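# Geometric and topological summary
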Amino acid sequence: MKLARTLLQTPRIVGVGLAASIVGVGGLGVVGCFVEGEGLPPPVEGLYYPTGLAVSPGGRVLYVANSDFDLQFNGGTVQALDLQRLRRRALTLQSALAPGGPNASASVRDACNKVGLATNAASSLYPGPCGPLDISALEGEDEVVRSSAVIGAFASNLLLVHRPLSGEGADPGAERQARLFVPVRGDPSVTFFDVADDRSDGAGAQRCDGDACFQLDCGASAAGGRCSRDHRIGEDPGQELIRRKLPLEPFGIAAGPGGTSIVVSHQTESAASVIVNPWEANERPQLAHVLTDLAFGPTELAAVPRPSVLGALQQGGWAIDDQPAFALTYLAAPELGLLRYQDAASGGAPRLYESTPTLITALASGTDSRGIAFDASERKACEDGCADDADVVACLERCVEIPIPVYVAHRGPNSLLIGELTTTLVKKDSDVPAAKRASVFYSIGFHDAAVLGAYPSRIEIGEVIDLEGVPRRRVFALAFDSGLAFSYDPEARRVDAVIKTGRGPQALAFDTGSTRSDDADKKRCEREQGSAGCDPYSLMYIAHFTDSYLGVVNLDMRKTNTFGTMILTVGTPVPPRESQ
């Protein structure tokens, strides 16, 4: 029997019929025993305790990780959902509910009927105007779950990475590639999938087409089957670079530049591990190093944004002394950790090492931090504008000086910590080309906090559509215990919306773009906000752990009566057994 323990940001769930329990607010609890292959196969067409979401950059796929938390089945699942079909329903419903439009006189019932749904008869269980969309019953052109695969129990997260198409680390003639990584606590492992790359950028790049967009290749012998052992990183030490298994409780996960380094936190082991993810043909991701003796309760990870000037200098013949950096939150230490990754090209074996942490002194306690996110949009806009500059490198160096906001969900007290990442570029110039070296140093400081509801957990950066139809950045924080999501406006420096969710909001993802179907028109709309024919949209998907469904939230302020509310329920909510 394999024992899995947890420190998830969830409340305690207890009951005679429940085969697992979670202790909230940083407590330690026994989740249960998981034996692969025993029991019923999991429902591949429905959702069951979802814990991770990711949207493909081309807007075609919504990936979902389901955890099989109460061990009713012999594993969890990963699913590829048709995001275009979900988006079509959500936007149709949004329009039908909007006042003042062609359906102004329509009732909520008529609006729900327009997308084939009844009105909501269980608003106390899940919010929204309409009944749930039963994705397990949809077929043909309406089918939403396009592919699935079985993994171990207790998936905790989900990460999607892509091979660079341009810039540093890109190979112009290389195959387009994407991979999905899922930390699975029941094995323990990080299960990986080769998935479709639906990006439309890059010279001559071809998007995926049809069913190929929804592939989930994890070595399963049949569609919807169980992933093979050689796709479970860290479970079998015989396949690794070093003969060491992955530590228990893989939880947080983040990718370094180009997706070649994947760092995972381990909540009860005071450890972090790094996976080498080579993009070369016939190469598989492998566990490279485990860093131990960290502070207690390492939880969420975020990659520190790397300045583009390093790639430009490298192309100009400079040697770059840089190790990708990862920020790490802790449950029981009043600090924000900073991990650095040294790859094999730097000499020696790949490894993680700990840099100087940042003490959290902005609040009285400083302990119990959870989600973390960087917003590098201002620096990226600066870097993108350097393409037309006469001196590209000098322009990129100026961009390095732009501080990057950093946000942390904190529980001592419940708040959104607000700080800045400062990047320092150090250049050692020389007349000897081999001696020209450049490196960067990072420092993080916190200077503010915004009050949030009970026990905030996950954080993501997204966009709302303002009243003029222009996308605006927001920081979204989930609070599992209180069933709320908070929208923080970094320009106004205030929480501008409190969104009522269902029970146990655990993960979130965003679908933001233009309804123009032509890629060229989409890019024009991004450049010229408000242009004729451009109709921006923004939807937020929330995975509800407790009742096993997804909620779709309208983030378009122009739709005044539904902004900041759940307009569509995806999947039929199923209460935990002990509450039925």
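Scroll up for the structure.
To keep things clear, this report deals only with the structure shown in the data block. (Residues numbered from 1 in each chain as written. Predicted model: local features only at pLDDT ≥ 70, side-chain atom pairs only at ≥ 80, totals over all residues. Heavy atoms only, no water.)

### Details of the pattern of salt bridges
- Counting across every chain of the model gives 28 salt bridges.
- In this structure, Arg 473 engages Asp 375 in a salt bridge whose closest nitrogen and oxygen atoms are separated by 2.8 Å. A residue pair is termed long-range when its members are at least 10 positions apart, and Arg 473 in strand β27 (residues 471–479) and Asp 375 in the loop between β22 (369–374) and α4 (377–384) qualify at 98 residues.
- For Arg 473, a relative accessible area of 30% puts it in the partly exposed group.
- With a closest N to O distance of 2.7 Å, Arg 503 and Asp 547 form a salt bridge. With Arg 503 in the loop between β29 (494–500) and β30 (505–514) and Asp 547 in the loop between β31 (536–544) and β32 (549–554), this pair connects stretches of sequence that are 44 residues apart.
- For Arg 503, a relative accessible area of 36% translates into the label partly exposed.
- Exposure remark for Asp 547: the relative accessible area of 0% places this residue in the buried category.
- The network of salt bridges with common partners includes Asp 82, Arg 85, Glu 141, Arg 146 and Asp 211. (Salt bridge = Lys/Arg side-chain N within 4 Å of Asp/Glu carboxyl O. Helix = DSSP H or I, 4+ residues; strand = E, 2+ residues; numbered from the N terminus. Buried < 20%, exposed > 50% of the residue type's maximum accessible area, 1.4 Å probe, protein only.)

### Digging into the packing of aromatic side chains
- Per the counting criterion, the structure on display carries 10 aromatic pairs.
- Measuring from centroid to centroid gives 5.0 Å for Tyr 48 and Tyr 49, while their planes differ by 80 degrees, and the two rings are edge-to-face.
- Judged by centre distance (6.0 Å) and plane angle (55 degrees), the ring pair of Phe 480 and Phe 545 falls under tilted. Highlighted residues: Phe 480 in the loop between β27 and β28 (484–489) and Phe 545 in the loop between β31 and β32, separated in sequence by 65 residues.
- For Phe 480, a relative accessible area of 2% translates into the label buried.
- A network of ring pairs unites the aromatic residues Tyr 48, Tyr 49, Phe 69, Phe 73, Phe 480 and Phe 545 as a single cluster. (Phe/Tyr/Trp six-rings, centres within 6.5 Å; stacked < 30°, edge-to-face > 60°.)

### Section: the side chain of Gln 342
- Relative to the helices and strands, Gln 342 resides in strand β19 (residues 335–342).
- Residue Gln 342 is classed as buried on the basis of its relative accessible area of 17%.
- For Gln 342, the contacting residues outside a window of four places in its chain are Gln 323, Gly 347, Ala 349, Pro 350, Arg 351 and Tyr 353. (Contact = heavy atoms within 4.5 Å.)

### A closer look at the sheet that holds strand β3 (residues 50–55)
- If you walk across this open sheet you meet the 4 strands as β3-β4-β5-β6, and the pairing is antiparallel. If you trace the sheet from one side to the other, it starts and ends with β3 and β6 (145–151), each paired once. The sheet shows a mean angle of 15 degrees between the axes of neighbouring strands, direction not considered.
- Here helix α1 (residues 83–97) sits on the sheet and contacts β3, β4 (61–66), β5 (76–82) and β6; the angle it forms with β5, its principal contact strand, is near 65 degrees. (Pairing = 2+ DSSP bridges. Axes fitted to C-alpha atoms, helices over the stretch in contact; angles between N-to-C directions.)

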